[in-house]
Structures are given as C-alpha cells and as structure tokens.
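Structural overview
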Protein chains: 2
Amino acid sequence: MTRKPQRATLADVAREAGVSMMTVSRVIHGTGRISDETRQHVREIIEKLEYRPNRAARTLVTKRTYMIGFVAPDITNPYFTEILQGVEEFFWREGYNVMLANSNENPEREKAILDQLESTMVDGIIVCSSRLSDDELIPLIEKHSAIVVVNRNLPHHLGSVVTTLHPRGYRAVLAAKYLYETGRRRIGYVNLVRSISSVNLDMFMQELQALHIPVNPSWYATCKPTWQAGYETGKVLLAEHPELDAVIAGNDLVALGVMRAAVEQGLRIPQDLALIGGDDILMASQVTPPLTTFRSDKYHIGTMAAELLLRRVEGDLTYYEHHYDDVLIIREST
Amino acid sequence: MTRKPQRATLADVAREAGVSMMTVSRVIHGTGRISDETRQHVREIIEKLEYRPNRAARTLVTKRTYMIGFVAPDITNPYFTEILQGVEEFFWREGYNVMLANSNENPEREKAILDQLESTMVDGIIVCSSRLSDDELIPLIEKHSAIVVVNRNLPHHLGSVVTTLHPRGYRAVLAAKYLYETGRRRIGYVNLVRSISSVNLDMFMQELQALHIPVNPSWYATCKPTWQAGYETGKVLLAEHPELDAVIAGNDLVALGVMRAAVEQGLRIPQDLALIGGDDILMASQVTPPLTTFRSDKYHIGTMAAELLLRRVEGDLTYYEHHYDDVLIIREST
DNA sequence: TTTACTAGAGTTAGCGCTAACTCGACCCCA
DNA sequence: TGGGGTCGAGTTAGCGCTAACTCTAGTAAA
C-alpha cells in the first residue's frame, strides 16, 4: 500500500478553529449563515492546515462524483481527440473531471466499459460514435441516468444527442453526387465498419440509382476507421478495381490511407483518382494534394455534448438534440 | 439533482442471502474462508440484485481510488494522444481508470491541475512534458506519493522518470550536425516554449560552435508546440531570414507548420530549405515531402510510464528511470 | 478428557463528510 | 410583555463499505 500523506480532515479544521464541523462545511460551500468573523477565521485555519475535502466522503453522502465518463472508439484519432478537448475544457470550467475510456475499436471492450461504468463512478457519460448496434448499446445505457451520445440516435427518454445535420449515411450520397457532377463515373466507397449494416449500404445504392449514378456492390468495402486499415483496404480495392476513378471514405484517416495506397500504385490524385474524406482533421489539409472532406467543428461538438450532458446531470432530463453542420470542403483531391 | 437508479447495497445482498455483510464482501474479494455453498449462493444473489460495489464507500475506507491522473499539455497533439493510449490500455488491464487533465499549453492551468489533483481523487499521476520550470513543478508534486514524469528529470525521491536516451536538448544538436554534414550552413531552430531557458539555447550554440557550425542567435525562435504556432513563427522567421537553408523544430507539429509557411513563401523543400521535426507523428510521414524526424515509440512510452507508476502506487517507492530511443529517421525533407 | 486448532462465519467500529433538524440569543412589533 | 422572526451556529444520524477482532462448532492431537 502506498504511503499517503496524512491529510487534515474536516474534524481537524473544526477542532483547530474551535467551531463545529458543519460550520467549516458551510464556509467551504458558501452556504448557510456564517458571520464574517467566523468565516475569516475558518478560512485561515483551512489555509494553515492545507485542508482539502475528501472526495470519496463527499460522494458517499451526496451521490455526486463530479466525474464524467468519455467513451470513444479510438483516442488516437484526431476527430475524437478534438471532441474530447471540447468536453474536457467545458467540464473543467464547471468543476467536473473527465474519465477516459477508450474502446480501441473493439466492440467487446466498449460493452465492458459501458457495463462497468457505474453510477458510483461517474455522474454522466458521453458516448462517441459507438461501434455497437442499437440492440447492444441500448440495454447498456438504460441504467445510466445521464447520457449523451454523439453521432447516433437514441430513444428520446434515454439521453440527448449530437449528430450531423445530414441524416446518417446521407453524407456519402452527397459526396457521390458531387463526384458525379465533376465527371466521375466509377465511384468506390470505403465505409466504416459499424455502418456495415446493410441498411446503410442499401440506402446508399438506392440513392445513387435514383440519381442515375452507376452502382456496383463490389466497389464498396468496409474497414476499421484507422489510417492503417484504410491503407490496406485501399490497396486491395484499387488493385482489384483499377476502373475506379473516385473513392469516398468514411473518415479522413481512412481516406488518407487510401490516398497513400493509391500513390503507391502510381495513381495520380486527382487526375486518376478523386478522393473524399469525412471529418476534416488537420492532416487532411496538409497532405498533397489536400483532401476534399466534410467540415466538422469537433471542438464545438465536444462542448455541445458536454453542455447537454451537464443539463441531464443537473436533473433536467429533457431530450435535446444538437445538429452540427458538415459542409463539403472542396480541396484538390477532387 | 439527478434521479439515480436505486442500486442494491452490500446490506441488501447480505439480507437477501441471509448472511452477514462481511461474508458478501469476502465473496466479492475472494478473501477469507467461505464454503463453496455459501459463495455460490451469495454470487447468485449478487447477480439477481445486479449489485455493484459503491466505489466511494470503498475508497473512503481503503484510501484507494483506482483512478490515475494523466496530465498533458495538449491532448490534441498526436504525440500525447498515443502516450495516453498506452497509459490507458495498461491501466485498464490492471483495473484502474484514467482521469484526464489537459493544461492546454497553459502553465497556470497546469499548476491549478496539479494543485487540485488530490490524493483523494487519484492514486497516482503521470505528468507529460510539463511546461513548468523545476521551481514551479517540484513543490506541486511533492505532496503526491505516486508520480511519474515523462520528458523531464526529477529528484529521485519524488518519482520515477521516462525520458529520451539523448540528454535533453541534445537532439537539436544531433539534427544540426546531420544538416551540416548534408551541406546546410545557415540552420534555424524553432524551439518549444518551455525550453526557452537560455541554458538550453546556450548549450545548443556552444555545441554548434564546437562543431564549427555557424551560429546566429537571430536564427533561433521559440513558439508554442502547436501547428498553428509553428506556421506563424515559420512565416516570420523565414521572411526575416531568407538566408536560412534549414530549420530544426522542437516537434513535428511545429515543423509541419513551418513547412506550410515555407511552401507559401515559394520555397522548395528540401532544395531551398531542409526541415527536421521531433517525434514522428503519423502526419509527418504522410505530407509531401515526408518529414525527417526523430522516431519515438509513443505507445511504449505510455505503457512504460504506466508500469513505473503502478509500482509506486503499489508501494514500491524505488526510483526507476526508463529511457526510450529516438533515432533520426531520414526522409525527404532533408 | 482436555487442549488446541481450524473452518466458517458474525460483530464492532469507524472512514470523512453533509442533510436536516435543533437551539439560544437578539430584535421588532402589537 | 409575550409572540414570532432572524441570525449564527451546534447536534444527530447516517452514506456503503472494510479492517480487525470475536465467536462457535467440529476435529485432531496429547
């Protein structure tokens, strides 16, 4: 066991100041009626003894931990990192701390996290881009009172929601439409693994057909949302389908992986292959050629999610939804 | 206040199972002597009531939170993100959670974090690349029993340490030497803000002089370790000193910012300007031209720091230090 | 038969804090 | 002169858990 420095307790402060514990507690919280004189005196003793409240004791009686859980599939992905930054910043100002749980793109791990994150550990949870199906996710979050999910819809009584302005999956259709308009005819699509739900792909294909854009199921692949996975999927897809003249990717990291694969196969971008990504991370604008992608203000997504969560934590269980705009930013990869 | 789902307590389980609370506690911890029959029965009741231990109550008596604090200057910087990933992964396996504190490159904020991070909140702390001076940092961490710092040295009794193999600041000298050998003669240096300590820069200049590499104080600038700051510092530095034929940056993000500034000023890399970064983030290898930089296995730094911290948390207060190798990876920016 | 141990529990006493109630002194107004 | 309000505290009773000690019946050794 660790040697813990012997900290002063409320009782120590009370004794030293010659008042009751409640008086000290009231001074700390600024509640109740305390004379200026007493308040001043207690403050001096607190200072002198370097008293700090014991979080666990406080939590035990108030049932509040002032800790927020942030669950994301990959904290190495700049997209989530910037959201996290927004969340952390917001909650820091509000006196909450953020506990991080990284599922590492592993659905089982995500389940374990959600299962173990007890109400005695956190006051609320933000779940980003869950890789679980609704059937898996919903039972796991039902027991939590304060939940906000990002990039996912939820039955309204379970928690608030932050999503894109465009209905899910529709972004890829927009991208395809733009590519078609700029003359591309054989458009590949590397989808992120969770969206493998055929519903999504079916929708995508139907929409394309409605727009008279050529459709071919073998042009569509799925992969994990990492650069490495994008690179490997890109290599295979481009080798097997040299006819492709454009690829849409589920996010920037994957798009950039595909870009690397394309370059290695001697393809010129955008002449031979156009590329569209998904969330406008810094790297997207700095590669050559810069990547066309959908803008998303990730920091703002984070602060919005945090704000909606705070409302729930503070007892306002109204359902709120916030939609962030994601316009297509056209750069030189298309 | 939030509606918290009414959770079963130890007492509920004990009553329902017809045993004492201690028996239930023993079953949970696998300690003490319990008959197989009782154990089985208690487990069933736990399952049935969906009992989960109350963390705060446990912490209050054991003084252990099973929470680790991770303090970094910028969680948006992939360098720290990957370290964090290593830390989180390691501690997750060990049954600890990680609390995140982002100082946002703001020394005052870092101080506030370290001051508020009480032993009643975390069992130990990892401090990455602190932007504080030793004089500021040391008093703040003295009160914590379990500390590991990354990229900083520490009096041995205060905590363990993970640093580069090369003495601090020496990396820039290595980079300069390499640049000189490849024919560069007017070498700029964009240092990170904390290292502004003139000691560091003096050392750098002395070493260069010893190697007969031209030295000029006005070629050296400092900036915050972000892409944006690197970009802006680069713009100014390159405009004022068109004679520069190489720039060394404190980290990759800054180097890439300088690269962008150089490209905008019409400089060709590496023909007109050679560039060296600092920590080999993914983006460094994906820009054109790929950036020469120092390799660092960030995930491994994270797991090593976590391992050293766990030892301290578990009561082994021996001083350990781990040095990670950082070799120069030569790419096309030089 | 007594002693002595062991397996398998139970009992007691807090950890440090706060919610909710209580209490005395003082003042104001009818 | 007594009823009621306010100020500035204090008292009581836990929150849910675990460390450390106690207790009892059964068994083995002397």
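From a predicted model like this one, the values you see are computed outputs, not experimental measurements. (Residues numbered from 1 in each chain as written. Chains lettered and ligands numbered in written order. Predicted model: local features only at pLDDT ≥ 70, side-chain atom pairs only at ≥ 80, totals over all residues. Heavy atoms only, no water.)

**A closer look at the interface of chain B and chain A**
Contact residues are listed per partner, giving 61 residues for chain B and 61 residues for chain A. In total, chain B and chain A occlude about 5600 Å² of area from one another, counting both sides; carbon and sulfur atoms represent 55% of this. Summed over the shared surface of chain B and chain A, the result is six salt bridges. Among the salt bridges present, the one from Arg 109 of chain B reaches Glu 88 of chain A, with a minimum N-O distance of 3.2 Å. Along the contact surface separating chain B from chain A lie 20 residue pairs in polar contact (both at pLDDT 80 or more). Of all elements in the fold, only α4 (55-62), α5 (78-93), β2 (97-102), α6 (107-116), α11 (252-264), α12 (282-286) and α13 (298-313) of chain B reach the threshold of two or more residues within the side of chain B that touches chain A. (Contact = heavy atoms within 4.5 Å. Buried area = accessible area lost by both parts, 1.4 Å probe. Salt bridge = Lys/Arg side-chain N within 4 Å of Asp/Glu carboxyl O. Polar contact = N/O pair within 3.5 Å; in protein donor to acceptor, adjacent residues only side chain to side chain. Helix = DSSP H or I, 4+ residues; strand = E, 2+ residues; numbered from the N terminus.)

**Side note on the state of the cysteines**
Here is the idea: a disulfide is a covalent bond, and it sits between the sulfur atoms of two cysteines. All names here are of chain B. Summed over the entire model, instances satisfying the criterion amount to zero disulfides over all chains. Lacking any disulfide linkage, Cys 128 is separated from the closest cysteine sulfur, that of Cys 223, by 19 Å. Judged by relative accessible area, which is 2%, Cys 128 ranks as buried. (Disulfide = S-S within 2.5 Å. Buried < 20%, exposed > 50% of the residue type's maximum accessible area, 1.4 Å probe, protein only.)

**Observations concerning the domain arrangement of chain A**
Residue and element names in this part refer to chain A. Split into domains, chain A comes out as domain 1 (10-53), domain 2 (62-166 + 298-326) and domain 3 (170-294). Domain 2 and domain 3 are separated by 28 Å when their C-alpha centres are compared. Contact with domain 2, which involves 14 residues of that partner, is made by 13 residues of domain 3. Interface area for domain 2 against domain 3, summed over the two sides, is near 1100 Å², with a carbon-plus-sulfur share of 61%. Between the two partners, domain 2 and domain 3, sit one salt bridge. Two residues, Asp 326 and Arg 171, come together in a salt bridge whose shortest N-O distance is 3.3 Å. (Domains from an automatic or database assignment.)

**A short note on the relation of the copies chain B and chain A**
By a simple turn and slide, chain B fits onto chain A: the slide is 0.0 Å along the axis, the RMSD is 0.1 Å, and the turn is 180 degrees. The superposition of one copy onto the other is thereby described by a two-fold rotation axis. (Least-squares fit on C-alpha atoms with pLDDT ≥ 70 in both.)

**Side note on the packing of aromatic side chains**
For the structure shown, the criterion picks out 14 aromatic pairs over all chains. Between Tyr 189 of chain A and Phe 204 of chain A, the ring centres sit 4.5 Å apart and the planes meet at 40 degrees, which makes this aromatic pair tilted. Taken together, the residues Tyr 189 of chain A in strand β6 (residues 187-192) and Phe 204 of chain A in helix α9 (residues 198-210) connect sequence positions 15 residues apart. Just as Tyr 189 of chain A is buried, Phe 204 of chain A falls in that class too. Considering the side-chain rings of Tyr 79 of chain B and Phe 80 of chain B, the 5.2 Å spacing of their centres and the 75 degrees angle between planes classify their relative orientation as edge-to-face. For Tyr 79 of chain B, a relative accessible area of 6% puts it in the buried group. By the ring-pair criterion, three or more aromatic residues cluster together here, those being Tyr 66, Phe 90, Phe 91 and Tyr 96 of chain A. Of note, Arg 311 of chain A hangs over the ring of Tyr 320 of chain A, and the distance from its end group to the ring centre comes to 4.3 Å. (Phe/Tyr/Trp six-rings, centres within 6.5 Å; stacked < 30°, edge-to-face > 60°. Lys NZ or Arg CZ within 6 Å of the ring centre and 35° of its normal.)

**Section: the pattern of salt bridges**
Using the criterion set out here, one finds 38 salt bridges over all chains in the structure. Salt-bridge contacts for Glu 89 of chain B lead to Arg 109 of chain A; the nearest nitrogen and oxygen are separated by 3.1 Å. Taken together, the residues span two chains, with Glu 89 of chain B in helix α5 and Arg 109 of chain A in helix α6 (residues 107-116). Overall, the relative accessible area of 10% leaves Arg 109 of chain A in the buried class. Its salt-bridge partner being Arg 152 of chain A, residue Asp 134 of chain A comes within 2.4 Å of it at the nearest N-O pair. Of the two residues, Asp 134 of chain A sits in helix α7 (residues 134-142) while Arg 152 of chain A sits in the loop between β4 (147-150) and β5 (160-164), which places them 18 residues apart along the sequence. With relative accessibility at 39%, the residue Asp 134 of chain A sits in the partly exposed group. We classify Arg 152 of chain A as buried; its relative accessible area is 5%.

**Side note on the protein's contact with DNA strand D**
Around DNA strand D lies a shell of 27 residues, among which Thr 23 and Arg 26 of chain A together with Leu 10, His 29 and Tyr 51 of chain B are the nearest. Taken together, the sugar and phosphate atoms account for 61% of what DNA strand D places within 4 Å of the protein. With respect to DNA strand D, the backbone of Asn 54 of chain B contributes an N or O atom lying 3.0 Å from a phosphate oxygen. Counting only elements with at least two residues in the surface near DNA strand D, the list comes to α2 (21-29) and α4 (55-62) of chain A together with α2 (21-29) and α4 of chain B. Split by residue class, the surface near DNA strand D holds 13 nonpolar, nine polar and five charged. (Near = heavy atom within 4 Å. Nonpolar A, V, L, I, M, F, W, Y, C, P; charged D, E, K, R; others polar.)

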